[in-house]
Amino acid sequence: MRIWVNGGLRSADDARLSVLDHGLTVGDGIFETVRTSEGRPFALTRHLDRLTRSARGLGLPDPDHDEVRRAAAAVIDANPVPLGRLRITYTGGLSPLGSDRGTDGPSLVVALDGVSRRPDSTAVITVPWTRNERGALAGLKTTSYAENVVALARARERGASEALFPNTVGRLCEGTGSNVFVVLDGRIHTPPVASGCLAGITRALAVEWTGAEETDLPMDVLAEADEVFLTSTLRDIQAVHRVDDRELSPETGPVTAKAMRIFAERAGDDLDP
């Protein structure tokens, strides 16, 4: 594996940041995950725009999009895989051992690994921990990801691939690395960004392409919905066949199946929508 670190490609054994990098010491960083297919990134412009929004939310300098594009192209060329996960990480850089940020400027790391195509459907659980829709990090894609690690481990223990969070007022919010959609009476709904969920790239495209509605939803909608599905960069649209102990149809529901077809067709027609 060849990895881009602060200006150039390095072998995996030589791809190093200082142990004093603020992304490591206090989680002061942001990231994007971009799907690649046969060496072509999907929706890279949208991902770079969100990277900038996240940087501004943390008070980091705007990332140089041209530099990130050069780094991404170099990494993709150096690591040919049929289906890949391109990880762009941008941190506060070399800093003191504390919350104060240093003056050396940010760090940029871009890496790529191969992934397998996700199953058409999956199981999810709900967790008792909450997303803080009023917190400083609400809606930002940051490297402060430990609560997602904990929740995802709980999901794995229970035979699921994702965990869904409520927010602090008990409304449906998001998964550890996905957005959630429900089908009610034939109509598609997803929590609004005001719920505290990440403004997912795949989420936005799914809303645009399927006519889904942003709706404030209670957690118990998961016990009533006719269909449930997830969206994320590596899932695209993925049906849910079990929520906690509730078994949904083992067959992908008709509304979800149509959404999957629409997404695949539109994404295939335009790699940078």
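What you are looking at is a predicted structure, and each value in this text was computed from that prediction instead of being measured.

Student: A description of the overall build of the protein should follow, citing residues and the corresponding values.
Tutor: Helices and strands together make up the secondary structure of the protein, namely six helices and 15 strands. For the protein, the spread of C-alpha atoms along the principal axes amounts to about 55 × 40 × 30 Å. Across the protein, every contact between residues at least 6 apart in sequence was considered, and the portion connecting residues at least 24 apart equals 69%. Put simply, the protein shows about 12700 Å² of open surface, and 50% of that area lies on carbon and sulfur atoms. Of the charged side chains in the protein, 31 are positive and 39 negative; the average position of the first set lies 1 Å away from that of the second.

Student: Now, about a nonpolar patch on the surface: what can you tell me, with residues and values included?
Tutor: A cluster of nonpolar side chains, Val-19, Leu-20, Leu-24, Leu-94 and Leu-97, forms an exposed patch at the surface whose accessible area comes to about 510 Å². Relative to the elements of secondary structure, Leu-94 occurs in the loop between strand S5 (83–91) and strand S6 (107–114).

Student: Run through helix H2 (residues 44–58), naming residues and quoting values.
Tutor: Look at H2: 21 Å from first C-alpha to last across 15 residues, which is about the 21 Å you get at 1.5 Å a residue. Structurally, H2 contributes buried residues whose contacts are with strand S3 (29–37), strand S4 (40–41), helix H3 (65–78), S5 and helix H5 (201–210). Trailing H2 by a residue or two, Gly-59 shows a phi angle of about 80 degrees, which is positive.

What counts, and at which threshold
- Residues numbered from 1 in each chain as written.
- Predicted model: local features only at pLDDT ≥ 70, side-chain atom pairs only at ≥ 80, totals over all residues.
- Heavy atoms only, no water.
- Helix = DSSP H or I, 4+ residues; strand = E, 2+ residues; numbered from the N terminus.
- Contact = heavy atoms within 4.5 Å.
- Areas by Shrake-Rupley, 256 points an atom, 1.4 Å probe, with all protein chains shown as cover.
- Lys, Arg positive; Asp, Glu negative; His and termini not counted.
- Charge placed at Lys NZ, Arg CZ, Asp CG, Glu CD.
- Patch = residues over 30% accessible without salt bridge, like charges linked within 9 Å, V, L, I, M, F, W, Y side chains within 5 Å.
- Salt bridge = Lys/Arg side-chain N within 4 Å of Asp/Glu carboxyl O.
- Expected span 1.5 Å × (residues − 1).

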